[in-house]
Amino acid sequence: MSITSVPPRTSVPALGVSIRGVARSFTAADGSIRRVLRDIDLEIGAGEIVALIGPSGCGKSTLLRQVSGLDRPSIGTIAIDDTRVTGVDLRCAVAFQEPRLLPWRSIERNVALGLPPGTDRAAGAARVGELLELVGLSGSRSLRPRQVSGGMAQRASLARALSRGPGVLVLDEPFGALDALTRLRMQDLLLDVHAAEPATILLVTHDVDEALYLADRVVLLGQDPDGPDGSSILRILPVPGVRPRARGDATLAQLRGELLEGLGVDSRHQTAAPHRTSKATATSTARDSR
Amino acid sequence: MTVTSRPRGSEAGSLETGRLGASPGGPPSRRPAVRSRRLPVAKRPRADSNRSGHGDASTPPRRGRFLVGLFLPLVLLATWQLIAVSGLVPAYRLPTPASVWLAGLDLAGDGVLAGHIAISTQRVLIGFAVGSLFGLVVGAIVGLSRWASAFAGPTVGAFRAVPSLAWVPLLILYLGINEDSKVLLIAIGAFFPVYTTVAGALRHVDGHLVELGRAYGLSRTNLLLQVQLPAVLPTVVSGLRLALAQAWLFLVAAELIFSSMGLGFLLSDSQNNGRIDRLFLVIILLAVFGKVTDALIGVLEKYLLKRWS
Ligand SMILES: Nc1ncnc2c1ncn2[C@@H]1O[C@H](COP(=O)(O)OP(=O)(O)OP(=O)(O)O)[C@@H](O)[C@H]1O
Ligand SMILES: [Mg+2]
């Protein structure tokens, strides 16, 4: 899918993110402490796209919450553009794992919630309109969230995050509820938006091929079998080649294998041939463990 | 002499309704179920999308429903008439519908009835407005702030536990037998249902949505106006509905105990004069007015539910 125009952005340029020595523990009801994340170090350059991948429950969403300032690390610091994140950080825009649309607002008004504060009325309406067009929801703009499908709600949530025109875009499984075709479209849409108005993108996905198609680097998060409790970065894999990459590029086959292995997918389940089957396997395996 | 015995009867009634409005379990129904974070988004239930649909085969169409609702009153009226004319019950215990109607015409003739109705309606409306406004404000503060909840929650709860009619002697002592004391009693009655529902509902607004608001930088005020209040609006309206019922209840109590005008006074006056036809008249009027004002809020509730969810 090619798009003719990306709506003009109104705010900040892409900003680098540095995650230094971050750990996060939760105290359970019985008083015991459970460490979810430990020793996370990651420098993300301005405008870079980083995909976060890892088994369900390993702390991906938790890490995103640290970056957007919705939650604070137990140890370590997060900085955006060298300024420490201390609370909800408005240089970030978040698309949550659930769509989280306000049920009493139309889709259009939900997307408008993302506009940077103080946006001119007409300019805001225009930008919302264009974003709705981009995510294929212009026909549903006046519907309420309960009247749209899960995938449509998720696209609205993505449009809401994009409407902010953020320096850092934090996306938690943004395409999780989409069918294969819409998912591919939305991936291209995200890349188009990124090319037109670069933002640093940190996204979580369970789809290895999606990570390899979109990201500059893929970060594998998980519990080190020999290490102490808590997920850490098991591997960082730079993805070669410039975007847009050919889907199922042969040179990526080895990376795909490595990632699937890192996710604990048995090599018998991997097929050497085209990405379609292996993608289905990877996706369903990662989801089955939920 | 009977004046003292009658309020006791209505007090029992008030206790019952008071509990209803003040059910300790917090808001009815709106509380979001504990969310499973693991569920794939696509499985989100969309069940209630056609709850309001008209196509449901088991519900009669609107007009039909109105007529069906009219059926039982007509049957009651007919039964009443039959029993009254059969002589099974003496006339001083059960008037005929016609005599009640005539009593109504008689009272309406010189504008007396209109005066009673007007003053009662005025008391209910003012007391309801004052009480629910305070209920809204206090409920919002206690519902939004953990500190306020810890600080004031138990105290307000203790006041709620006082059967509201227990305030009557004190009100009369402090304010005297006048409009203020009556309106205040009604306001007390209306306060608690609104307070309870608002505080409970605000406490249980979907945490995901509140977090969304925070993530997009809404200020506290905007969070309240754009997320929390809209989320609790339907619950608030049902709280208002309960409060209105309470207001009518306390109106009659106040007027029975200390009043020289109004429908409640007409009740006690008719009892003292043995005017059973007027007693029936007032009860029917109370039913009609209570139902009409309730229906008005019901319309508002329906509209909001349709718009809001
Ligand atoms: N507020 C919290 N209190 C206690 N435990 C929490 C909290 N938030 C997350 N956790 C725990 O942290 C772990 C990681 O959760 P997280 O949502 O980050 O997983 P995830 O990697 O995003 O999983 P998924 O792929 O299924 O979305 C889970 O075991 C969860 O129980
Ligand atoms: Mg998650």
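The model shown is predicted, which means the values in this text are computed figures rather than measured ones. Per-chain numbering applies: the sequence of each chain, read as written, is numbered from 1 onward. For naming, the first written chain is A and the first written ligand is 1, with later ones following in the order written. Predicted model: local features are reported for residues with pLDDT of at least 70 only, side-chain atom pairs are reported and counted for 80 or more only, and whole-chain, interface and lining totals are derived from all residues. With hydrogens and water stripped out, all remaining heavy atoms of the structure feed into the side-chain values.

Draft legend 1. Seen up close, the overall build of chain A. Across its full length, chain A carries eight helices and ten strands. Evaluated residue by residue, chain A yields a buried proportion of 55% over its 290 residues. We call two residues in contact whenever any of their non-hydrogen atoms come within 4.5 Å of each other. In chain A, of all internal contacts separated by at least 6 residues, the share reaching a separation of at least 24 is 69%. Total accessible area on chain A stands at roughly 11900 Å², and carbon and sulfur atoms take up 52% of it. Starting at the N terminus, helices and strands are each numbered in turn, a helix being any DSSP run of H or I of at least four residues and a strand any DSSP run of E of at least two. Exposure is judged per residue with a 1.4 Å probe applied to protein chains only, and the accessible area is read against the type maximum: over 50% gives exposed, under 20% gives buried, and values in between give partly exposed. Computed with the Shrake-Rupley method and a 1.4 Å probe, the accessible areas treat only the protein chains shown as cover for residues.

Draft legend 2. Inspection of the packing of helix α5 (residues 146–161) of chain B against helix α7 (residues 179–203) of chain B at higher detail. Residues and elements named next belong to chain B. Packing of α5 against α7 leaves a shortest axis separation of 11 Å and a crossing angle of 150 degrees. The handedness of the crossing between α5 and α7 comes out as left-handed. Residue-level contacts link S149, G153, V156, F159 and R160 of α5 to F191, F192, Y195, T196 and R203 of α7. When the residues that make up the contact of α5 with α7 are grouped by side-chain class, the tally is five nonpolar, three polar and two charged. Note on geometry: axes are lines fitted to C-alpha atoms, helical ones only across the stretch in contact, with angles between N-to-C directions running from 0 to 180 degrees. Whether a crossing is left-handed or right-handed is set by the direction in which the near helix is turned from the far one by less than a right angle, anticlockwise for left-handed and clockwise for right-handed. Any residue that is not Ala, Val, Leu, Ile, Met, Phe, Trp, Tyr, Cys, Pro, Asp, Glu, Lys or Arg is counted as polar, Gly included; the first ten are nonpolar and the last four charged.

Draft legend 3. Representation of the coordination of the magnesium ion (ligand 2) within the structure. Residue and element names in this part refer to chain A. Donor atoms from the polypeptide that bind the magnesium ion (ligand 2) are S61 (OG) and Q97 (OE1), placed at 1.9 to 2.2 Å. In this pair, S61 sits in helix α1 (residues 60–67) while Q97 sits in the loop between β6 (92–95) and α2 (107–112), placing the two residues 36 residues apart along the sequence. You'll find S61 and Q97 in the same group, each marked buried. For Na, K and Ca the donor cut-off is 3.2 Å, and for all other metals it is 2.8 Å, counting N, O and S atoms only; because water is absent from this set, sites may look incomplete.

Draft legend 4. Highlighting helix α3 (residues 121–134) of chain A. All names here are of chain A. The end-to-end C-alpha distance of α3 is 20 Å, a good match for the 20 Å that 14 residues give at a rise of 1.5 Å each. Looking only at α3, the buried set comprises G124, R127, V128, G129, L131, L132 and L134. On its buried face, α3 sits against α2, α4 (150–163) and α5 (180–196). Expected span, for any helix, means 1.5 Å times one less than how many residues it has.

Draft legend 5. Layout of the nonpolar core. We call a set of buried Ala, Val, Leu, Ile, Met, Phe, Trp, Tyr and Cys residues a nonpolar core when their side-chain atoms join them within 4.5 Å. One finds A:I19 and A:V218 to be the most contacted residues of the largest nonpolar core, which totals 135 residues. Take this core: its biggest share by element is 17 residues, from helix α9 (residues 220–257) of chain B. Setting aside residues up to four positions removed in sequence, A:I19 forms contacts with A:I40, A:D41, A:L42, A:L63, A:V67, A:T77 and A:I78. One finds B:V156, B:F191, B:F192 and B:Y195 within the second-largest nonpolar core, a separate group that totals seven residues.

Draft legend 6. Molecular detail of a nonpolar patch on the surface. Taken together, the side chains of B:F66, B:L67, B:L70, B:L74 and B:L77 present a nonpolar region at the surface, about 500 Å² in accessible area. Here B:F66 shows up in helix α2 (residues 62–86). Patches were defined on residues exceeding 30% relative accessible area and lacking a salt bridge, with like-charge contacts within 9 Å and nonpolar side-chain contacts (Val, Leu, Ile, Met, Phe, Trp, Tyr) within 5 Å. Salt bridges are identified by distance alone: a Lys or Arg side-chain nitrogen within 4 Å of an Asp or Glu carboxyl oxygen.

Draft legend 7. Spatial organisation of the pairing of strand β2 (residues 33–44) of chain A. All names here are of chain A. Following DSSP output, two strands are said to pair if at least two bridges run between them. Note that strand β1 (residues 17–27) and β2 share eight bridges and pair antiparallel. Of the residues in β2, the one forming a bridge with V17 is I44. The hairpin turn running from β1 into β2, its antiparallel successor, is five residues long, and G31 in that turn takes a positive phi close to 90 degrees.

Draft legend 8. Inspection of unusual backbone geometry at higher detail. Positioned with a positive phi, A:D82 is a non-glycine residue whose angle comes to about 65 degrees. Along the chain, A:D82 turns up in the loop between β4 (75–80) and β5 (83–84).

Draft legend 9. Spotlight on the confidence of the model for chain A. Confidence scores labelled pLDDT are given residue by residue by the predictor and lie between 0 and 100. The predicted model of chain A averages 83 in pLDDT, with 87% of residues at 70 or higher. Scored below 50 in pLDDT, residues 272–290 of chain A makes 32 contacts in the model with residues more than four places away or belonging to other chains.

Draft legend 10. How the structure looks around the pattern of salt bridges. Inspection of every chain in the model, using the stated rule, returns 20 salt bridges over all chains. With a closest N to O distance of 2.4 Å, A:R65 and B:E211 form a salt bridge. Note that A:R65 is positioned in helix α1 and B:E211 in helix α8 (residues 207–215), a pairing that runs across two chains. For the salt bridge of B:E179 with B:R123, the shortest nitrogen-to-oxygen distance reads 2.7 Å. Of this pair, B:E179 sits in helix α7 while B:R123 sits in helix α4 (residues 112–144), and the two are 56 residues apart along the sequence. Residue B:R123 is classed as buried on the basis of its relative accessible area, which comes to 3%. Residues joined in a network through salt bridges with shared partners are A:R65, A:E98, A:R100 and B:E211.

Draft legend 11. Quick peek at the environment of B:V138. The topology assignment puts B:V138 in helix α4. Apart from residues no more than four positions distant in its own chain, B:V138 is found in contact with B:F191 and B:Y195.

Draft legend 12. Spatial organisation of a positive patch on the surface. All names here are of chain B. His residues and chain termini do not enter the charge count, which takes Lys and Arg as positive and Asp and Glu as negative. In plain terms, the charge of a residue is placed at NZ if it is Lys, CZ if Arg, CG if Asp and CD if Glu. Side chains of R62, R65, K302 and K306 sit close together on the surface and give a patch of like positive charge. Of all elements in the fold, only α2 and α11 (276–308) reach the threshold of two or more residues within the positive patch. Checked against the element boundaries, K302 lands in helix α11.

Draft legend 13. Representation of the packing of aromatic side chains. Residue and element names in this part refer to chain B. Stacked, tilted and edge-to-face are the three classes applied to pairs of Phe, Tyr and Trp rings, where Trp contributes its six-membered ring and a pair requires centres within 6.5 Å; stacked means planes under 30 degrees apart, edge-to-face means over 60, and tilted covers the rest. Counted by the stated rule, this structure contains five aromatic pairs over all chains. Ring geometry for F191 versus Y195: centroids 5.7 Å apart, planes at 10 degrees, classification stacked. A residue pair is termed a helical-turn pair when its members lie 3 or 4 positions apart in one helix, as F191 and Y195 do in helix α7 at four residues. Overall, the relative accessible area of 6% leaves Y195 in the buried class. Centre to centre, the rings of W248 and F289 are 6.4 Å apart; their planes meet at 25 degrees, and the pair counts as stacked. Pair noted here: W248 is in helix α9 and F289 is in helix α11, with a separation of 41 residues, a long-range link. Assessed through its relative accessible area of 10%, W248 is described here as buried.

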